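Remarks on the overall topology
Chain by chain, the residues:
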Amino acid sequence: MGDKKLYITRGDDVTKILNFEDNSGNAINITGWTVFFTVKKSYLKSDDEALIKKDITSHSDPSNGKTKLVIDASDTDDMNNGDYYYDIQVKKGDGKINTVLNDIFVLDYDVTRRTS
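Structural notes, computed from the coordinates.

What counts and how
- Residues numbered from 1 in each chain as written.
- Predicted model: local features only at pLDDT ≥ 70, side-chain atom pairs only at ≥ 80, totals over all residues.
- Heavy atoms only, no water.
- Helix = DSSP H or I, 4+ residues; strand = E, 2+ residues; numbered from the N terminus.
- Contact = heavy atoms within 4.5 Å.
- Patch = residues over 30% accessible without salt bridge, like charges linked within 9 Å, V, L, I, M, F, W, Y side chains within 5 Å.
- Areas by Shrake-Rupley, 256 points an atom, 1.4 Å probe, with all protein chains shown as cover.
- Salt bridge = Lys/Arg side-chain N within 4 Å of Asp/Glu carboxyl O.
- Pairing = 2+ DSSP bridges.
- Axes fitted to C-alpha atoms, helices over the stretch in contact; angles between N-to-C directions.
- Buried < 20%, exposed > 50% of the residue type's maximum accessible area, 1.4 Å probe, protein only.

1. Quick word on the environment of leucine 18
Checked against the element boundaries, leucine 18 lands in strand E2 (residues 14–19). Considering only alpha carbons, one finds leucine 18 and histidine 59, 41 residues apart in sequence, at a separation of 9.7 Å.

2. Brief notes about the environment of tryptophan 33
Examined against the element boundaries, tryptophan 33 turns out to sit in the loop between E2 and strand E3 (34–40). Through-space distance from the C-alpha of tryptophan 33 to that of serine 74 is 26 Å; in sequence the pair is 41 residues apart. For tryptophan 33, the residues in contact, after removing those within four places along its chain, are Phe20, Ile28, Ile56, Thr57, His59, Val90, Lys91, Lys92 and Gly93.

3. With respect to a nonpolar patch on the surface
Where nonpolar side chains cluster on the molecular surface, the patch consists of Tyr43, Leu44 and Tyr85 and spans about 390 Å² of accessible area. Note that leucine 44 resides in the loop between E3 and strand E4 (52–56).

4. A closer look at the sheet that holds strand E1 (residues 6–9)
Backbone hydrogen bonds hold the strands of a sheet together, and the pairing may be parallel or antiparallel. In space, the 5 strands of this open sheet follow the order E1-E7-E6-E3-E4, with mixed pairing throughout. Edge positions in the sheet fall to E1 and E4, since each of these pairs with one other strand and no more. Geometrically, the sheet is characterised by an average inter-axis angle of 20° between neighbouring strands, direction not taken into account. The pairing of E3 with strand E6 (residues 82–91) spans 7 bridges and is classified as antiparallel. The residue bridging threonine 34 from the neighbouring strand is lysine 91, located in E6.

5. What to know about the pattern of salt bridges
Inspection of every chain in the model, using the stated rule, returns 6 salt bridges. One salt bridge in this structure joins aspartate 72 and lysine 54, with 3.7 Å as the shortest N-O distance. Linking aspartate 72 in the loop between strand E5 (66–71) and helix H1 (73–76) with lysine 54 in strand E4, this pair joins segments that are 18 residues apart in sequence. Between lysine 54 and aspartate 75 there is a salt bridge, and its shortest N-O distance comes to 2.7 Å. Within this pair, whereas lysine 54 is found in strand E4, its partner aspartate 75 is found in helix H1, the two being separated by 21 residues in sequence. The same class applies to lysine 54 and to aspartate 75, which are both buried. Three or more residues joined by partner-sharing salt bridges are found here, namely Arg10, Asp77, Asp110 and Arg113.

Laid out in structure tokens, this is it:
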């Protein structure tokens, strides 16, 4: 996983597949891992002040290093468009913590606000 911006449109339901690989491109078994996804307006804010927090413990294909990050429409519905900070951090089965990705979370405005 390399650094990259994450572009989301406010109020959209988004699912991203996260692939965990070693430096040679081989899948890493993530069985027993917790994947933390956090979005903040400032990286100096505490986790309690995060705008989006996801703790993923059930993975779609853990032995092949795959999990799903689901961002629901309600997660961004009250946020203003603009740039935020995000990271993906993992807690491995042995308790070790590693940040595997961090960059800018870009929230684009939406025009349509109605859902029915």
